[in-house]
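# A closer look at the structure
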Amino acid sequence: MKVTAIAPSNIAFIKFWGKRNSVLNIPYNNSISMNLDSVSTTTSVEFLSELIEDEVVINDQAASEKEKQRVVKHLQLIREMAGIRLFAKVISENNFPKSAGIASSASGFAALSVAGARAAGMRLSPTALTRLARRGSGSASRSISNGFVEWIKGTSDATSVAKSIHSPSHWAIADVIVITTLGEKQISSTEGHDRVVSSPFYKARILGMPEKIREIKSAILKRNFTNFGNILEEEAINMHSVMMTSMPPVLYWSPQTVEVMRAVWDWRSAGLESFFTMDAGPNVHIICEEKNVQLIHQRLMNMSCVQKVLVGRPSVGARVLEVEK
Ligand code: DP6
């Protein structure tokens with residue numbers, strides 16, 4: 001049986017940075033995100049008796065050894081859950097360029113989990129799929145559910161799960177993704193997560209989390225864009241401060257990142273409301289209301305530091321596209 005699944009990437013408004021358990025990917029805090037319709041991975045998985053090892057193709061090329069090892073580890077988990085021993089053929093395609101510095105692990109492991117579980121003969125519940133995806137990459141757990149999603153940190157494999165808090169149609173906001181630097185990032189998020197405990201600011205970050213989560217959930221529920229934006233922007237700077245004060249320090253921003261951050265502040269003080277957030281890389285995600293997308297897009301196209309702009313809108317989560325018997 002060959003199963004093909006698609007999964008969206010997601011942008012976190014409240015970030016996952018730091019793992020309590022790095023085998024199970026149990027985070028120190030809950031995180032909140034929105035799935036993105038225009039940035040996705042499509043993956044097909046087929047377990048075949050003629051294979052003597054797993055085969056992994058990503059974007060029409062044999063996966064690198066590092067990429068392959070990570071996929072094989074996840075397939076191994078799926079095989080153990082399903083009680084099968086066959087090797088698999090995995091073909092995965094991102095709809096965004098690899099060099100754009102957009103993390104593919106969230107959409108990638110969400111699509112692999114949905115296609116792989118079904119191809120192995122399992123019918124997992126949506127919640128069980130968030131647990132499986134989490135094992136591949138923490139942020140992938142949030143790409144399974146629809147729309148606006150909360151990943152509950154939990155304390156164990158069974159309790160660390162993601163859930164939809166609102167459907168995609170709840171709020172017409174967008175993520176204007178500003179690609180400032182082409183090329184792969186230097187420090188993977190997996191490596192960065194391990195360093196957080198060395199930052200003197202980390203404890204303060206975690207202590208403030210429950211209140212921040214309560215406040216942003218309330219702002220999302222009420223569609224209060226100003227409150228929502230102020231919280232998500234503070235949160236991005238907060239996480240990057242922890243990154244920069246880790247030992248050794250992790251600095252993901254480039255001069256172009258800062259230029260776009262300052263532009264967002266300038267536009268805001270002149271009445272064009274938008275807020276920024278950044279993940280483990282130099283790209284800037286500008287979060288705005290739908291009515292402002294076009295104007296922000298135009299302004300970005302006039303900035304020489306901007307390489308490319310993509311717009312992501314709220315999306316449903318991962319799903320099976322096709323089952324071929
Ligand atoms: C900064 O989920 O990529 O994007 O579990 O090691 O694959 P691994 O980490 P990953 O970390 C995401 C970090 C982040 C914030 C976020 O998306 O919440």
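Residues numbered from 1 in each chain as written. Predicted model: local features only at pLDDT ≥ 70, side-chain atom pairs only at ≥ 80, totals over all residues. Heavy atoms only, no water.

### Notes on the overall build of the chain
Just so we agree on the cut-off: A helix here means a DSSP run of H or I that spans at least four residues, while a strand means a run of E at least two residues long, and both kinds are numbered starting from the N terminus. As a reference, a globule follows 2.2 Å times the number of residues to the power 0.38, and the radius of gyration itself is taken over C-alpha atoms. A simple rule labels every residue: compare its accessible area, found with a 1.4 Å probe on the protein chains alone, to the largest value its type can have, and call it buried under 20%, exposed over 50%, or partly exposed in between. Throughout, a residue-residue contact means that at least one pair of heavy atoms, one from each residue, lies within 4.5 Å.
Within the chain, the regular secondary structure consists of nine helices and 14 strands. For the chain, the C-alpha radius of gyration of 19 Å lies close to 20 Å, the compact-globule estimate for 325 residues. Dimensions of the chain along its principal axes, counting C-alpha atoms only, are 65 × 40 × 40 Å. By the burial criterion, 54% of the 325 residues in the chain qualify as buried. Look at the contacts in the chain between residues 6 or more apart in sequence, and 75% of them connect residues 24 or more apart.

### Some details on the site of the ligand
This is how it is decided: Throughout this document, a residue counts as near a molecule or strand when at least one of its heavy atoms sits within 4 Å of that molecule or strand. Think of a polar contact as two N or O atoms within 3.5 Å of one another; within protein, one of them needs to be a possible hydrogen donor and the other a possible acceptor, and neighboring residues in sequence only count if both atoms come from side chains. Accessible surface area values rest on a Shrake-Rupley calculation with a 1.4 Å probe, where residue burial reflects the displayed protein chains alone.
In the vicinity of the ligand there are 18 residues, among which R70, S137, G138, S139 and T190 approach most closely. Note that an oxygen atom of the ligand is positioned 2.6 Å from one of the side-chain N or O atoms of S137. One nitrogen or oxygen atom from the side chain of S189 is found 2.8 Å from an oxygen atom belonging to the ligand. Protein chains bury 95% of the 460 Å² of accessible surface belonging to the ligand in isolation. Considering each element in turn, the shell around the ligand owes the most residues, three residues, to helix α4 (residues 189-195).

### Section: the pattern of salt bridges
Quick note on the threshold: Any carboxyl oxygen of Asp or Glu that lies within 4 Å of a side-chain nitrogen of Lys or Arg is treated as forming a salt bridge with it.
Under the defined criterion, the tally for this structure stands at 13 salt bridges. Between E53 and K68 there is a salt bridge, with its nearest N and O atoms 3.0 Å apart. In this pair, E53 is assigned in the loop between β4 (31-48) and β5 (55-58) and K68 in helix α1 (residues 65-82), connecting sequence segments 15 residues apart. Through salt bridges with shared partners, one network takes in R205, K212, E234 and E235.

### Examining the packing of helix α6 (residues 209-222) against helix α7 (residues 225-244)
Rule in force here: Convention adopted: a line fitted to C-alpha atoms gives each axis, helices being fitted over their contacting stretch, and angles between N-to-C directions are expressed from 0 to 180 degrees. The handedness criterion is simple: a crossing whose near helix is rotated anticlockwise from the far helix by less than a right angle is left-handed, and one whose near helix is rotated clockwise is right-handed. Three classes are used, and their members are as follows: Ala, Val, Leu, Ile, Met, Phe, Trp, Tyr, Cys and Pro are nonpolar, Asp, Glu, Lys and Arg are charged, and the others, Gly among them, are polar.
Between α6 and α7, whose axes approach to 8 Å, the crossing angle comes to 145°. As for the relative orientation of α6 and α7, their crossing is left-handed in sense. On α7, the residues touching M209, K212, E215, I216, A219 and I220 of α6 are N227, F228, I231, L232, E234, E235 and N238. Grouping the amino acids of the contact of α6 with α7 by side-chain chemistry returns seven nonpolar, two polar and four charged.

### Quick notes on the side chain of S139
Along the polypeptide, S139 turns up in the loop between α3 (126-136) and β8 (148-152). Its relative accessible area of 16% is what places S139 among the buried residues. Contact partners of S139, with chain neighbours within four places excluded, come to N10, F16, S105, A106 and W151.

### Examining the packing of aromatic side chains
Each pair of aromatic rings is reported with the distance of its centres and the angle of its planes. What counts here: Classification of ring pairs uses Phe, Tyr and Trp, with its six-membered ring standing for Trp, and accepts pairs whose centres are within 6.5 Å; under 30 degrees between planes counts as stacked, over 60 as edge-to-face, and the remaining range as tilted.
Summed over all chains, the structure comprises nine aromatic pairs. A centroid spacing of 5.5 Å and a plane angle of 70° characterise the contact between Y28 and Y202, whose relative ring orientation is edge-to-face. With Y28 in the loop between β3 (26-27) and β4 and Y202 in helix α5 (residues 202-207), the pair connects residues that are 174 residues apart, well separated along the chain. Taken together, the ring pairs in this structure connect F13, W171, F225, F228 and F275 into an aromatic cluster.

### Comments concerning the nonpolar core
For clarity, the cut-off: Side-chain atoms within 4.5 Å link the members of a nonpolar core, which is a set of buried Ala, Val, Leu, Ile, Met, Phe, Trp, Tyr and Cys residues.
Membership of the largest hydrophobic core comes to 30 residues, with the highest contact counts inside it found for V45, F47, L75, V90, L112 and I144. Breaking this core down by element, the ones donating at least two residues are β1 (2-14), β4, β5, α1, β7 (87-94), α2 (105-119) and α3. Counting residues per element, this core draws most heavily on α2, at eight residues. In this structure, I11, L36, I173 and I231 belong to the second largest nonpolar core, which totals 27 residues.

### Thoughts on unusual backbone geometry
Put simply, M247 and P248 share a cis peptide bond, and its omega is -10°. You can see P248 is positioned in the loop between α7 and α8 (255-269). Residue R223 is not a glycine yet carries a positive backbone phi of 55°. Secondary-structure assignment places R223 in the loop between α6 and α7. Residue classification places R223 among the partly exposed positions, given a relative accessible area of 46%.

### Considering the sheet that holds strand β12 (residues 284-289)
Selection rule: When DSSP finds at least two bridges between two strands, those strands are taken to pair.
The sheet built from four strands is open, its strands ordered β11-β12-β10-β13 with antiparallel pairing. Of all the strands in the sheet, the pair left with one neighbour each is β11 (274-277) and β13 (308-312). Strand after strand, the sheet turns through a mean of 25° between neighbouring axes, direction not considered. By the bridge criterion, five bridges tie strand β10 (residues 173-179) to β13 in an arrangement that is antiparallel. Bridge pairing links V176 to V311 in β13.

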